Amino acid sequence: KQEVTQIPAALSVPEGENLVLNCSFTDSAIYNLQWFRQDPGKGLTSLLLIQSSQREQTSGRLNASLDKSSGRSTLYIAASQPGDSATYLCAVVNTGFQKLVFGTGTRLLVSP
Amino acid sequence: NAGVTQTPKFQVLKTGQSMTLQCAQDMNHNSMYWYRQDPGMGLRLIYYSASEGTTDKGEVPNGYNVSRLNKREFSLRLESAAPSQTSVYFCASSRQTQETQYFGPGTRLLVL
């Protein structure tokens with residue numbers, strides 16, 4: 001059974017810092033990996049989707065990498081801003097399955 | 001463009017009562033999903049519909065039923081609510097399964 005872990009559960013940084021969020025998964029037979037952002041009391045917003053054949057994806061200040069063999073993904077946020085404060089979740093779809101399996105998220109606070 | 005909408009936003013039920021959570025999407029997506037989110041447990045899939053006319057169980061289907069009314073609408077029914085079903089419920093949709101999912105704003109349900 002696929003299990004997705006995100007460490008740390010919470011992270012606090014000053015504005016302007018570059019930071020890395022971690023995601024690990026136990027079964028490397030994945031179809032894709034997705035990163036989401038969730039603001040308090042809101043739904044999830046998709047940030048990046050990495051196919052299993054890809055090594056990374058970029059969108060603005062965000063860069064997500066994928067290492068299937070080691071079961072790890074990282075989300076790099078450059079020059080963090082207070083508006084980046086949110087919970088970040090990663091989720092994987094296993095090959096042959098149609099369902100996302102979510103991690104429990106990292107709650108990020110960027111202070112001015 | 002409304003995306004994914006959910007009604008109601010908030011609901012209080014007594015144990016044993018029934019209710020239906022409504023979800024609609026206007027993106028012409030084929031696949032729709034129902035999740036619940038609980039503190040420390042992350043998002044867990046309740047049911048999904050890969051395409052109009054099909055529904056399948058997710059990780060935690062017990063106590064719930066679903067109906068894919070048409071391509072746009074996917075409802076979740078609690079026949080006899082229990083306190084363990086207190087949670088935040090999210091509906092999501094995607095063009096196809098395994099592709100990027102788009103989430104609604106959520107329904108907060110409290111069962112007393």
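Preceding this section is the structure that the text describes.
Computed from a predicted model, the values in this text were never measured in an experiment.

(A) Here's a closer look at the sheet that holds strand S3 (residues 19-25) of chain B. Residue and element names in this part refer to chain B. Spatially, S1-S3-S8-S7 is the arrangement adopted by the four strands of the open sheet, whose pairing is antiparallel. Only two strands of the sheet have a single partner each, and these edge strands are strand S1 (4-7) and strand S7 (64-68). Averaged over all pairs of adjacent strands, the angle between strand axes in this sheet comes to 20 degrees, irrespective of strand direction.

(B) View of the interface of chain A and chain B. In this assembly, 23 residues from chain A lie in contact with 22 residues from chain B. Summing the contributions of chain A and of chain B, the shared interface buries around 1600 Å²; its carbon and sulfur component is 54%. Considering only the surface of chain A that becomes buried against chain B, Leu44(A), Gln98(A) and Lys99(A) emerge as the three largest contributors, covering 33% of it. Between Glu59(B) and Lys1(A) there is a salt bridge, with the nearest N and O atoms lying 3.9 Å from each other. Between chain A and chain B we count two residue pairs in polar contact (both at pLDDT 80 or more) in total.

(C) Highlighting the sheet that holds strand S7 (residues 62-67) of chain A. Residue and element names in this part refer to chain A. The strand order across the open sheet built from five strands is S1-S3-S8-S7-S6, with neighbouring strands paired in antiparallel fashion. One side of each edge strand has no neighbouring strand; the edge strands of this open sheet are strand S1 (4-5) and strand S6 (56-59). In this sheet, strand S8 (residues 72-77) lies alongside S7 in antiparallel orientation, the contact comprising six bridges. Note that in S8 the partner of Ala 64 across the bridge is Leu 75.

Cut-off values and rules
- Residues numbered from 1 in each chain as written.
- Chains lettered and ligands numbered in written order.
- Predicted model: local features only at pLDDT ≥ 70, side-chain atom pairs only at ≥ 80, totals over all residues.
- Heavy atoms only, no water.
- Pairing = 2+ DSSP bridges.
- Helix = DSSP H or I, 4+ residues; strand = E, 2+ residues; numbered from the N terminus.
- Axes fitted to C-alpha atoms, helices over the stretch in contact; angles between N-to-C directions.
- Contact = heavy atoms within 4.5 Å.
- Buried area = accessible area lost by both parts, 1.4 Å probe.
- Salt bridge = Lys/Arg side-chain N within 4 Å of Asp/Glu carboxyl O.
- Polar contact = N/O pair within 3.5 Å; in protein donor to acceptor, adjacent residues only side chain to side chain.

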